Amino acid sequence: MLNNLQSVDQEFVGRCSVCGCVGELVELPGRLERFCLACSGDVATAVLLTTEIDAATLGGRNTNELVSEFAQISCRMLERAQSAELEF
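Residues numbered from 1 in each chain as written. Predicted model: local features only at pLDDT ≥ 70, side-chain atom pairs only at ≥ 80, totals over all residues. Heavy atoms only, no water.

S.K.: Describe the pattern of salt bridges, and please don't skip the residues or the numbers.
M.R.: Between side chains of opposite charge, pairing is possible as soon as their charged atoms come close. All told, the structure shown has 4 salt bridges when counted by the stated rule. With a closest N to O distance of 2.9 Å, Glu27 and Arg34 form a salt bridge. Arg31 is paired through a salt bridge with Glu33; the nearest N and O atoms lie 3.3 Å apart. Residue Arg31 is classed as partly exposed on the basis of its relative accessible area, which comes to 34%. It is possible to trace a salt-bridge network through shared partners that takes in Asp42, Arg76 and Arg80. (Salt bridge = Lys/Arg side-chain N within 4 Å of Asp/Glu carboxyl O. Buried < 20%, exposed > 50% of the residue type's maximum accessible area, 1.4 Å probe, protein only.)

Have a look at this one:
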């Protein structure tokens, strides 16, 4: 039984698709990639914000705050990815 648990644990350890860090990874629904905990939250939020921005645009509503939040998350993920590159 221990071997089964070890194989499951190893299955979720790898390199994050965004920042490249090695560690425990999580999957998000509808995504093939796996992410570290920090990046998974940002990716999930970015996906949600994209949907909200599209809906607001179609509804003729102001999207400035949503776009600003999306830009902040994108910058944070980019910084994380670039700092991971420096470690290699």
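S.K.: Give a description of the confidence of the model for the chain that names residues and reports values.
M.R.: Averaged over every residue, the pLDDT of the chain is 86; residues scoring 70 or more account for 83%. The least confident element of the chain, judged by mean pLDDT, is helix 1 (residues 2-11) at 43; the most confident is helix 2 (residues 37-58) at 96. Per-residue pLDDT stays below 50 along residues 1-10; that stretch engages in 0 contacts with residues further than four places along the chain or on separate chains. (pLDDT = per-residue confidence, 0-100. Helix = DSSP H or I, 4+ residues; strand = E, 2+ residues; numbered from the N terminus. Contact = heavy atoms within 4.5 Å.)

S.K.: I'd like a rundown of the side chain of Asp42, residues and numbers included.
M.R.: For Asp42, the location among the structural elements is in helix 2. The exposure class assigned to Asp42 is buried, which follows from its relative accessible area of 7%.

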